[in-house]
Amino acid sequence: MSFATVREIVLALPGTEEGTSYGTPAFRVKGKYLLRLKEDGETLALRTTFEDRDFLMAADPDAFYITDHYRDYPAVLVRLGTVGRATLRELLEQEWRRLAPKSLVARHDAASAGGTQRTAIRRKMR
């Protein structure tokens, strides 16, 4: 998985904006932080819930982890070389749905073929 692929996935979601955070490429949804590329160029710092973070780290510790710096923040670190494209795509959309205004999500779903059915990342990884 490359950061170019991450960029492609994220920018396909309405309302996402590319910018920088701590000098690295980052994305926001209507001004709300979604993710950034870490300085190593191989890791994402992705916003998520504490509950989902704990689940992801237990389900796939090779792909998902945290450092002490992120322990008190609702974020998980994602190794791009380890995470699968489908898993990351679903996780990014799930987080986008949490951050995006409800009206934007509704328009996105209506524009999709028959609407997008949200499936939790947890079910796929079990």
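Within each chain, residue numbers correspond to sequence positions counted from 1 in written order. Two thresholds apply to this predicted model, a pLDDT of at least 70 for residue-level local features and 80 or more for giving and counting side-chain atom pairs, whereas whole-chain, interface and lining totals are computed over all residues. As a rule here, side-chain values cover all heavy atoms of the structure and leave hydrogens and water aside.

Engineer: Would you take a moment to explain the nonpolar core for this structure?
Structural biologist: Considering soluble globular proteins, one finds that nonpolar side chains tend to be buried as a cluster. Within the largest apolar cluster, 27 residues are counted, with the highest numbers of intra-cluster contacts made by Val6, Leu35 and Leu44. Helix numbering and strand numbering both begin at the N terminus, where a helix is a DSSP run of H or I of at least 4 residues and a strand a DSSP run of E of at least 2. Elements with a minimum of two residues in this core: α1 (3–11), β2 (24–29), β3 (32–37), β4 (43–47), β6 (75–79), α3 (85–99) and α4 (102–111). With five residues, α3 is the single largest residue contributor to this core. Those residues in contact with Val6 that lie beyond four places of it in its chain are Met1, Leu35, Leu44, Leu80, Leu88 and Leu92. The criterion is simple. A nonpolar core is a set of buried Ala, Val, Leu, Ile, Met, Phe, Trp, Tyr and Cys residues joined through side-chain atoms within 4.5 Å. Here the term buried applies to any residue with accessible area under 20% of the maximum for its type, exposed to any over 50%, and partly exposed to those in between, with areas from a 1.4 Å probe on protein chains only. Note on definitions: a residue-residue contact is assigned when non-hydrogen atoms from the two residues lie within 4.5 Å.

Engineer: What exactly am I supposed to notice about unusual backbone geometry here?
Structural biologist: Among all residues save glycine, negative phi is the norm, and among peptide bonds the norm is trans. The phi dihedral of Tyr22 is positive, around 55 degrees, even though this residue is not glycine. On the secondary structure map, Tyr22 appears in the loop between β1 (16–21) and β2. Overall, the relative accessible area of 72% leaves Tyr22 in the exposed class. A positive phi is found at Lys30, a non-glycine position, where the angle reads about 50 degrees. The residue Lys30 is located in the loop between β2 and β3 in this model.

Engineer: Even after reading the chapter, I still don't get the pairing of β1, so can you show me in this structure?
Structural biologist: For a regular strand, the rule is simple: side chains alternate between the two faces of the sheet. By the bridge criterion, six bridges tie β1 to β2 in an arrangement that is antiparallel. Directly across from Thr20, in β2, lies its bridge partner Pro25. From the end of β1 to the start of β2, which pair antiparallel, there are two residues, and Tyr22 there has a positive phi angle of about 55 degrees. Whether two strands pair depends on DSSP finding at least two bridges between them.

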